[in-house]
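# Per-entry structural report
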There are 2 protein chains.
Amino acid sequence: MEGYDGMQHSGTAHARAFSNIAFIKYWGNQDHRLRLPVSSSVSMNLSGLYSDTVVEWGTHLEQDTLVLNGKVATSEALKRIVTYLDLVRELYKFDGYFAVSSSNTFPTGAGIASSASGFAALAFAINQSVGLQLSERELSTLARLGSGSASRSIPGGFVQWHQGNDHASSYAETIAPMDHWDLVDVIAIISKGHKAVGSTEGHGLAATSVLQEGRLKDVDVRFHRCKQSLLSRDFDAFAEVVEYDSNLMHAVMMTSSPPLFYWQPGSVHVMQQVRQWRTEGLEVCFTLDAGPNVHCICLSAAAPQVQSRLRELEGVMDVLVATPAGAAYSVEL
Amino acid sequence: MEGYDGMQHSGTAHARAFSNIAFIKYWGNQDHRLRLPVSSSVSMNLSGLYSDTVVEWGTHLEQDTLVLNGKVATSEALKRIVTYLDLVRELYKFDGYFAVSSSNTFPTGAGIASSASGFAALAFAINQSVGLQLSERELSTLARLGSGSASRSIPGGFVQWHQGNDHASSYAETIAPMDHWDLVDVIAIISKGHKAVGSTEGHGLAATSVLQEGRLKDVDVRFHRCKQSLLSRDFDAFAEVVEYDSNLMHAVMMTSSPPLFYWQPGSVHVMQQVRQWRTEGLEVCFTLDAGPNVHCICLSAAAPQVQSRLRELEGVMDVLVATPAGAAYSVEL
């Protein structure tokens, strides 16, 4: 990494990063502090679902502050950011504090990975404001320190995150640009409430499930099958491995100690319907993150059908539509 | 075993056997034909939910026939019985055919193990009509050949089924009489429809899940924890291991190839509520077999509350209540 050259004393930056949906999941760490995952993962960035983060950095500031969606954060959210910034200052060897202001375009904490886009945008803005001059690969590792899946929101389009074995080797990169395949994520919003157990805590519980070992045993097979089906645009193969990998992760979640149940009745209803629709010829499959919302991944030709059918289902409160999105970027101030 | 003495040429018998609910589950066989399971299990017989089976056996009969709930069975149900009877005739070395008439007191195929009580009653009636003079232990193995869980419906009260390693060693026996603990099974009926994939087929798929190995790795620990909590009437310990074991089985089901999803939206809703009620002090836990219905196991003091709360829940079509029941027995003709 280039690193801080010690010349600057203050800086300001505005960055935007998109959320992403994982097709091969990230669940469990080999190193919790550095968020080094136990397996590699695959994802797609999501248009429309992004975080905008403005950062003021300066050696004259007396403490880190956070404004989240227009409100001054004081408790858990601030604590997480400060822990992150402390780690970043330690690893990248610079001083000064940050005034962070971040806002999301989607409901926070409902399973649409607001921490992914949030920490990707923050990492991008930190790099700019401090003048660290990091490469995209290094930016991805910087984002990962705040939220594992944020590493995947730095590069654009379809992304793979190499698990790696230390800070520098655990990074994400594009495997195909956003226009490679016209996939659409039609998200069935089951609950807008904040989830009971956050992902960070959940990753710590993954190893307590007796099923985690079995899930990881053939994750490389699923990773390559997913990547290949993406690259060759083979929807049937893609759908099968995506649903399978989601079910494996939730099986581990539900059998950890304590167990984590993210599926709501409405989530199960949507999953049943999606499976049924696919047997009827509609090209759609589901995947769920650490939350109740169901990401219905479909071809663009099927998206209007999927959207209108989802709106009619009981338990579906709202429907969001996202297409593949690009990399994190700098917004002109 | 005593076995057929070759003296009788015909006989008639009427037997009754109760269904059972497993607290430590049976899912997967080491031998499919003999239904030797991959793990031992624990269950309780259920009052009120029984099969009544009348059998006429005779060397003068020209074929096996089955009347199920008053209707002449001709296809799958008959085929399964004939396959069973062929195996029994082969193992116990006798001739003749059976006219079987069986009826259940509960909805068939909705996940309340009608095959368990059905084959237990049938085994009991076969033994009597042919004059095999089998012991309870041998009767349990005879029932097991028709449906694994039927082995547990031969002995009374609270039951353990030793997995064994051959026909003679895989049998069930009482670990505590029915009056040992005043547990009640309050069953939330989510769907009365016949399940999509039956248990027999499901057992064949268990090994295709990459999670089955992890589930089985510490099944002995769960078996003993369940048995101990039953014997010492420790509801908290019992509740934890019962829900955990149910979730492990469904995790395996949902990740087999093809995946089996027995949970309906209403099932998930009831599971969520039961967990919530227990945190509020109500002594109740859940377990699900290969079907959508939720068995809410509670202390008798909590049963009225559990029953009335379940009736108010969306997705719950009916509620059945069962207390511990005794062994299979002969009904006077």
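Residues numbered from 1 in each chain as written. Chains lettered and ligands numbered in written order. Predicted model: local features only at pLDDT ≥ 70, side-chain atom pairs only at ≥ 80, totals over all residues. Heavy atoms only, no water.

### Here we look at the domain arrangement of chain A
The figure often quoted for interface size is the accessible area lost as the parts come together. Residues and elements named next belong to chain A. Taken domain by domain, chain A holds domain 1 (10–178) and domain 2 (183–322). The interface of domain 1 with domain 2 comprises 31 residues on the first partner and 46 residues on the second. With both chains or domains summed, domain 1 and domain 2 bury close to 3100 Å², and 69% of this area falls on carbon and sulfur atoms. Of all residues in domain 1, F23, K25 and W27 bury the most surface against domain 2, accounting for 28% of the area lost on that side. A salt bridge links D289 to K25, with the shortest nitrogen-to-oxygen separation between them at 2.6 Å. If you look at where domain 1 meets domain 2, you find eight residue pairs in polar contact (both at pLDDT 80 or more). (Domains from an automatic or database assignment. Contact = heavy atoms within 4.5 Å. Buried area = accessible area lost by both parts, 1.4 Å probe. Salt bridge = Lys/Arg side-chain N within 4 Å of Asp/Glu carboxyl O. Polar contact = N/O pair within 3.5 Å; in protein donor to acceptor, adjacent residues only side chain to side chain.)

### Considerations on helix α6 (residues 219–231) of chain B
One turn of the α-helix equals 3.6 residues, which is why residues spaced by three or four share an orientation. Residues and elements named next belong to chain B. The terminal C-alpha atoms of α6 lie 18 Å apart, and with 13 residues this matches the ideal 18 Å at 1.5 Å per residue to within 8%. If you check which residues of α6 are buried, you get V219, R222, F223, C226, K227, S229 and L230. The arc that holds the buried residues of α6, viewed along the axis, is 165 degrees, so those residues lie on one side. A positive phi of about 55 degrees marks R233, the residue just after α6. (Helix = DSSP H or I, 4+ residues; strand = E, 2+ residues; numbered from the N terminus. Expected span 1.5 Å × (residues − 1). Buried < 20%, exposed > 50% of the residue type's maximum accessible area, 1.4 Å probe, protein only. Arc of directions from axis to C-beta.)

### A look at unusual backbone geometry
Most of the time, phi is negative for any residue but glycine, and the peptide bond is trans. Residue and element names in this part refer to chain A. A cis amide bond, omega 0 degrees, links S257 with the succeeding residue P258. You will see that Q133, though not glycine, has its phi angle at about 55 degrees, which is positive. The exposed category is assigned to Q133, whose relative accessible area is 53%.

### Description of the relation of the copies chain A and chain B
Once chain A has been moved 0.0 Å along the axis and rotated by 180 degrees, it coincides with chain B to within an RMSD of 0.0 Å. Between the two chains, the operation in question is that of a two-fold axis. Among all residues of chain A, the minimum C-alpha distance to the rotation axis is found for P265 of chain A, at 2.0 Å. Of all interface residues in chain A, 100% are interface residues in chain B too; the two copies therefore contact each other through one and the same surface. (Least-squares fit on C-alpha atoms with pLDDT ≥ 70 in both.)

### As for the interface of chain A and chain B
Across the contact, 22 residues belong to chain A and 22 residues belong to chain B. Carbon and sulfur atoms supply 64% of the area buried between chain A and chain B, which totals about 2100 Å² over both sides. Across the salt bridge formed by E213 of chain A and K217 of chain B, the nearest N and O atoms sit 3.1 Å from each other. Inspection of the chain A/chain B interface yields four residue pairs in polar contact (both at pLDDT 80 or more). Counting only elements with at least two residues in the side of chain A that touches chain B, the list comes to α5 (212–217), α7 (235–254) and α8 (265–279) of chain A. Considered class by class, the residues forming the side of chain A that touches chain B number 10 nonpolar, six polar and six charged. (Nonpolar A, V, L, I, M, F, W, Y, C, P; charged D, E, K, R; others polar.)

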